Amino acid sequence: MTRTGVFWDGVEGRAPVPHAARTLGFELLEADPEQGTISVAFAGVEAFTNPFGEVLGAFLAAMLYDTVGPALLATLPPGRFIETLDLNTTFVRPARMGRLIGHGRVVTRVDDHATLEGTLYGTDNEIVATATATARVIDLPSAA
């Protein structure tokens, strides 16, 4: 089955990937819309680091933002999008340059509001940061 909509059109090459996701090196690993789960990869490049070679927390938060949001986006039909109402990030340990893996999931969805959570793993497969978020599903025209 071919899935369509803003998220699926981007990851399947029918529409451009958003600039922010491209900057982060976003790569879809797998998504299960029925379960509301997603796994994605990011590139923790030198441009994202502090003088100690650690990926700055703001980039980790952006990666988690691009993990939890797509977990919900992947479940939506064409013509629907999301607005993130809040994102709370906890930094667990420093993240080194390299491939970072995010796992996100839709925890609850009641009508057009959803609670999301995500975990970001470093190059050593250890948790580097976690996040929770609240989002609202909207009609695509109101997202413009």
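For the structure, see preceding data.
Residues numbered from 1 in each chain as written. Predicted model: local features only at pLDDT ≥ 70, side-chain atom pairs only at ≥ 80, totals over all residues. Heavy atoms only, no water.

A. Region of the structure containing unusual backbone geometry. If you check the backbone angles, Asp111 has positive phi at about 55 degrees while not being a glycine. Mapped onto the elements of the fold, Asp111 is located in the loop between β4 (98-110) and β5 (113-121). Even without glycine at this site, Asn125 takes up a positive phi of about 70 degrees. Take Asn125: it is sitting in the loop between β5 and β6 (127-139). Classification of Asn125 by relative accessible area gives exposed; the value is 60%. (Helix = DSSP H or I, 4+ residues; strand = E, 2+ residues; numbered from the N terminus. Buried < 20%, exposed > 50% of the residue type's maximum accessible area, 1.4 Å probe, protein only.)

B. Representation of the side chain of Thr49 within the structure. Mapped onto the fold, Thr49 is located in the loop between β2 (37-44) and α3 (57-73). Overall, Thr49 belongs to the buried group, its relative accessible area being 18%. Engagement of the side chain of Thr49 in a polar contact is seen with the backbone oxygen of Glu46, the distance being 2.7 Å. When residues no more than four places from it in sequence are discounted, the contact partners of Thr49 are Glu54, Val55, Leu56 and Met97. (Polar contact = N/O pair within 3.5 Å; in protein donor to acceptor, adjacent residues only side chain to side chain. Contact = heavy atoms within 4.5 Å.)

C. Representation of α3 within the structure. The terminal C-alpha atoms of α3 lie 24 Å apart, and with 17 residues this matches the ideal 24 Å at 1.5 Å per residue to within 8%. Among the residues of α3, Leu60, Ala61, Met63, Leu64, Asp66, Thr67, Val68, Gly69, Pro70, Ala71, Leu72 and Leu73 are the ones counted as buried. (Expected span 1.5 Å × (residues − 1).)

D. Broad picture of the pairing of β2. Within β2, six of the eight residues are buried, which leaves it mostly tucked inside the rest of the structure. Counting the residues in the hairpin turn of strand β1 (residues 27-32) and β2 gives four residues, including Gly36, whose phi is positive at 70 degrees. By the bridge criterion, eight bridges tie β2 to β4 in an arrangement that is antiparallel. From the neighbouring strand, Phe42 faces β4, where its bridge partner is Leu100. (Pairing = 2+ DSSP bridges.)

E. Spatial organisation of the environment of Val110. Turning to its location among the elements, Val110 is positioned in strand β4. Take Val110: its relative accessible area is 56%, and that puts it in the exposed class. Val110 sits 26 residues away from Arg136 along the chain, and the two C-alpha atoms are 9.8 Å apart.

Function-wise, these values are silent; they only describe arrangement.
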